[in-house]
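Residues per chain are reported as follows:
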Amino acid sequence: MTSGTAEEFTAHRPRMFGLAYRLLGSAEEAEDAVQDAYLRWSSADRVVIDHPGAWLARVVTNLCLNRITSARVQREQYVGPWLPEPVFTQDGSLGPMELAEQRDAVSTALLVLLERLTPTERAVYVLRKAFGYGHRDIAGVLDLSEANCRQLYRRAIQRVATPEARFTPAAEQQRELVESFVTAAREGDLAGLEKLLAKDVTWWSDGGGKVTAARRPLVGRETVMRFLMGGAQRFEGRLDLAVAEVNGAPAVVAHAADQLIAVASFELRESAIAQVRVVVNPDKLIFAGRQFAAMAPGA
């Protein structure tokens, strides 16, 4: 491959990684899909590629559709709740995050909802909602009719709709709430933690059977508080907590000796924490762990 061809691929790589991640919910698998796309790009006949960005989007999307199908078979034996891999986004890894719509498009909450969709519905939704593709362009990517793509998009919108409207606080209020959570946790202020939780809060833990984690969602403030009290006793003085931007929103990062141990994402309702999704499966923290190490002072 010529250096010019490699440079052209590199220019498209961040966008292709963002596409693959939204389709797969896994940063590690997204990297693999982009690498596979690179191999196809390097051996392709450049004369027949009029629009490299569109060509790569088609290749990456179809590579991801194959991966989604096999991943869902594997997930049937997954131990405990499955959550998407966290990605630190303050470095632009998943694209710009200036707008609320851009942040919501990679939120942990949305990626969980996208699991409701068929692989093709998910591809249509991501290409349309996150990347602004027209239905005609999506049809070209997926080898479907434009009318079929419209139908799939309508169906996807309906399937990811939440039963009740989500009232998300402003970005500043979100960060204040998460920082209050970290402060209360550091100080062992259980009463302060309790005040931050909605009465019907749900806590999800993704350990994948690799580490100790709740294998069912914990529902209700009292249940979650008992879990937090147990965790406080178990990890007292062993973990450092910090607030960082993960998937476009403030999250809690737990680390020990510069090693990433857990990432907790929050879904907020008005002035309370309604959902907590914690990834502790070490396999799912590999990509974020590399990011975390690069963010450390002196890295």
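Preceding this paragraph is the structure being described.
The structure presented is a predicted model; accordingly, all values stated were derived computationally and were not measured.

*Asks:* I tried to follow the environment of R221 on my own but got confused; where do I start?
*Replies:* Relative to the helices and strands, R221 resides in helix α11 (residues 221-235). For the pair R221 and S145, spaced 76 residues apart in sequence, the C-alpha separation works out to 48 Å. With residues up to four places along the chain from it excluded, the contact list for R221 reads E194, L197, A198, K199 and V201.

*Asks:* I'm lost on the nonpolar core in this one. Help?
*Replies:* For soluble globular proteins, the rule of thumb is that nonpolar side chains tend to be buried together. Counting 49 residues, the largest nonpolar core has L19, L114 and Y125 as its most contacted members. Elements supplying a minimum of two residues to this core: α1 (3-24), α2 (27-43), α3 (52-75), α5 (108-114), α6 (119-130), α7 (135-142) and α8 (146-160). With near-sequence residues (within four places) excluded, Y125 lies in contact with L110, L114, L117, A130, Y153, A156, I157 and V160. Core analysis: the second largest hydrophobic core is formed by 26 residues, L197, L218, A262 and I273 among them.

*Asks:* Even after reading the chapter, I still don't get the packing of aromatic side chains, so can you show me in this structure?
*Replies:* Two aromatic rings are characterised by how far apart their centres lie and by the angle between their planes. Under the definition given, this model contains nine aromatic pairs. The interplanar angle of 35 degrees and the centroid separation of 6.3 Å between the aromatic rings of Y125 and Y153 together place this pair among those described as tilted. Within this pair, whereas Y125 is found in helix α6, its partner Y153 is found in helix α8, the two being separated by 28 residues in sequence. Overall, Y125 belongs to the buried group, its relative accessible area being 7%.

*Asks:* Quick question: what am I supposed to make of the packing of α3 against α7 here?
*Replies:* The relative placement of two packed helices comes down to the angle between their axes together with the axis-to-axis distance. Two elements in contact, α3 and α7, have axes separated by 9 Å at closest approach and are oriented at 60 degrees. When the interaxial angle is binned, α3 and α7 end up oblique. The interaxial crossing formed by α3 with α7 has right-handed handedness. Between α3, through A57, R58, T61, N62 and L65, and α7, the contact on the second element is made entirely by G140, V141 and L142.

Cut-off values and rules
- Residues numbered from 1 in each chain as written.
- Predicted model: local features only at pLDDT ≥ 70, side-chain atom pairs only at ≥ 80, totals over all residues.
- Heavy atoms only, no water.
- Helix = DSSP H or I, 4+ residues; strand = E, 2+ residues; numbered from the N terminus.
- Contact = heavy atoms within 4.5 Å.
- Core = buried A, V, L, I, M, F, W, Y, C linked by side-chain atoms within 4.5 Å.
- Buried < 20%, exposed > 50% of the residue type's maximum accessible area, 1.4 Å probe, protein only.
- Phe/Tyr/Trp six-rings, centres within 6.5 Å; stacked < 30°, edge-to-face > 60°.
- Axes fitted to C-alpha atoms, helices over the stretch in contact; angles between N-to-C directions.
- Parallel < 35°, antiparallel > 145°, perpendicular 65-115°, else oblique.
- Left-handed = near helix turned anticlockwise from the far one by under 90°.

Worth remembering: the numbers are spatial, not functional.
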